[in-house]
Amino acid sequence: MAIDSLHGAPLPPLDELMGAARVVSIPTRTRFRGISVREAVIFDAPHGPAEFSPFTEYAFGESSRWLAAAIEFGWGETPAARRDTVDVNATVPAVSAGSVADVLARFPGCRTAKVKVAERGQSLADDVARVRSVRAAMGADARVRVDANGGWSVDEAFSALTALAEFDLDYAEQPCATVPELADLRARLARAGIPMRIAADESVRKAEDPLAVARAGAADLIVVKAQPLGGIAPALAIIEEAQLPVIVSSALDTSVGISMGLHLAAALPDGALAGACGLGTVALLDGDVVADRLLPEGGALRVRRPALDAGALERYRPTPDRERWWQERVSRCHAALTEAG
Ligand SMILES: O=C(O)CCC(=O)c1ccccc1C(=O)O
Ligand SMILES: [Mg+2]
């Protein structure tokens, strides 16, 4: 995907960006996608706090879109909210079945859960046990989803989803890595009479063309994240073009990045959302950069943009070498955005 324009917000000069930047390193409560600390740059920007937190292994090209998103949110306009609250799902990392209740307790009132599966080093039996435990804890009327993060081949996904179908899943998110695999799997499940919706996540946010999966008819719905797609305006444009139901989700951001996702979800027209959004993940972090944390209450988040907490920014300041690493990353991504015009 080409680096998109900043949709209205002019690119601030690098020294202004650097002057507004604070680096933080926040421990996670449970290992999640292999990480136990979440590092981020938080900008104290003119239109409110903004977050830049591409995962550390992401290259500059991809990370530049995350910077464009931070600039849009911190220096540009945010669309009007059409609702006061957004329902969120509980996010269950690849924990043991015995730890499921502890995780769900962090998501009060949530009637939808998304469960990580296909974790490297684990087996299908682990996935089945975890999903069984979530279904048992939440009851028959809850919605339960799984997210494989592209970890299965088509054959593995077919077997796993056949086994997991007894738990009446809402959908399977990114069961396989590529668009042709998703299309193939979807056709095989349909031929076998296994009712299973497929959601595309990585095939939207990490794809050269985020609309290819929709065009190929390879998914029933799309997961959309504001930061990886370059901000709220580009995400809205993708949603409009994809013409598929949407789940807005997090990138395990602090409450600042979550507030951007929340404003994206709140800007959507009625009926665009396919259900509860994956924006409750502040509950998986052991700290934050605001006092008014965006934690789920009654299964939902109240739409708001909390102010930064100066004490927290100081408390979660990382070592000088990590600070320099992130400053360099901001600078490289800023250069990429400057070049892209
Ligand atoms: O969608 C959710 O429930 C939470 C967000 C989430 O799962 C996630 C968070 C960080 C990176 C990747 C993912 C993902 O959806 O794959
Ligand atoms: Mg996902």
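Residues numbered from 1 in each chain as written. Chains lettered and ligands numbered in written order. Predicted model: local features only at pLDDT ≥ 70, side-chain atom pairs only at ≥ 80, totals over all residues.

For the protein chain, the name recorded in an unreviewed UniProt entry is o-succinylbenzoate synthase, with Leucobacter komagatae as its organism. In its Cofactor (unreviewed entry) section, UniProt records this for the protein chain: "a divalent metal cation". Looking at the protein chain in UniProt, the text filed under Function (unreviewed entry) is "Converts 2-succinyl-6-hydroxy-2,4-cyclohexadiene-1-carboxylate (SHCHC) to 2-succinylbenzoate (OSB)." (UniProt positions renumbered as here; feature names shortened; annotations may be inferred.)

### Topic: the site of ligand 1
Lining the immediate surroundings of ligand 1 are 13 residues, of which Thr 91, Lys 114, Ser 249, Leu 252 and Gly 278 lie closest. Classifying every residue of the shell around ligand 1 by side-chain character gives two nonpolar, seven polar and four charged. (Near = placed C-beta within 6 Å. Nonpolar A, V, L, I, M, F, W, Y, C, P; charged D, E, K, R; others polar.)

### Let's talk about the sheet that holds strand 1 (residues 21-32)
With respect to topology, three strands assemble into an open sheet ordered 1-2-3, the strand pairing being antiparallel. Both outer strands of the open sheet, strand 1 and strand 3 (48-52), are each paired with one neighbouring strand and no more. The average angle at which neighbouring strand axes cross in this sheet is 35°, direction not considered. When strand 2 (residues 35-45) meets strand 3, the two strands line up antiparallel, connected through five bridges. From the neighbouring strand, Asp 44 faces strand 3, where its bridge partner is Pro 49. Sheet strands touched by helix 2 (residues 60-75): strand 2 and strand 3. Its angle to strand 3, the strand with the most contacts, is close to 180°. Across the face of the sheet, helix 12 (residues 320-340) comes into contact with strand 1, strand 2 and strand 3 while running at roughly 110° to strand 1. (Pairing = 2+ DSSP bridges. Helix = DSSP H or I, 4+ residues; strand = E, 2+ residues; numbered from the N terminus. Axes fitted to C-alpha atoms, helices over the stretch in contact; angles between N-to-C directions. Contact = placed C-beta atoms within 7 Å.)

### Things to note about helix 6 (residues 179-191)
Between its terminal C-alpha atoms helix 6 stretches 18 Å, which fits the 18 Å expected from 13 residues at 1.5 Å a residue. Turning to helix 6, its buried residues number three or more, namely Val 179, Leu 182, Leu 185, Arg 186 and Leu 189. With its buried residues spanning 125° around the axis, helix 6 presents them on a single face. Turned more than 90 degrees from where helix 6 packs its buried face, Pro 180 and Arg 191 sit exposed. Elements that come into contact with the buried residues of helix 6 comprise helix 5 (154-164), strand 9 (198-200), helix 7 (202-205) and helix 8 (212-215). Of the residues trailing helix 6, Gly 193 is marked for its positive phi of about 75°. (Expected span 1.5 Å × (residues − 1). Buried ≥ 20, exposed ≤ 12 C-beta atoms within 10 Å, placed from the backbone. Arc of directions from axis to C-beta.)

### What to know about the nonpolar core
Grouped together as the largest cluster of nonpolar side chains are 103 residues, with contacts concentrated most on Ala 199, Ala 219, Ile 222 and Val 224. Both domains that furnish three or more residues to this core are identified here as domain 1 (14-78 + 310-340) and domain 2 (85-302). When residues no more than four places from it in sequence are discounted, the contact partners of Ala 199 are Tyr 171, Ala 172, Glu 173, Gln 174, Ala 219, Asp 220, Leu 221, Ile 222, Val 223 and Ile 247. (Core = buried A, V, L, I, M, F, W, Y, C linked by C-beta atoms within 7 Å. Domains from an automatic or database assignment.)

### Points about unusual backbone geometry
We note that Gln 174 has phi near 40°; this positive angle belongs to a residue other than glycine. Within the secondary structure layout, Gln 174 lies in the loop between strand 8 (172-173) and helix 6. A positive phi angle is found at Gln 243, which is not glycine, with a value near 55°. With respect to the element layout, Gln 243 can be found in the loop between helix 9 (232-242) and strand 11 (246-248). Given 10 C-beta atoms within a 10 Å radius, Gln 243 is considered exposed.

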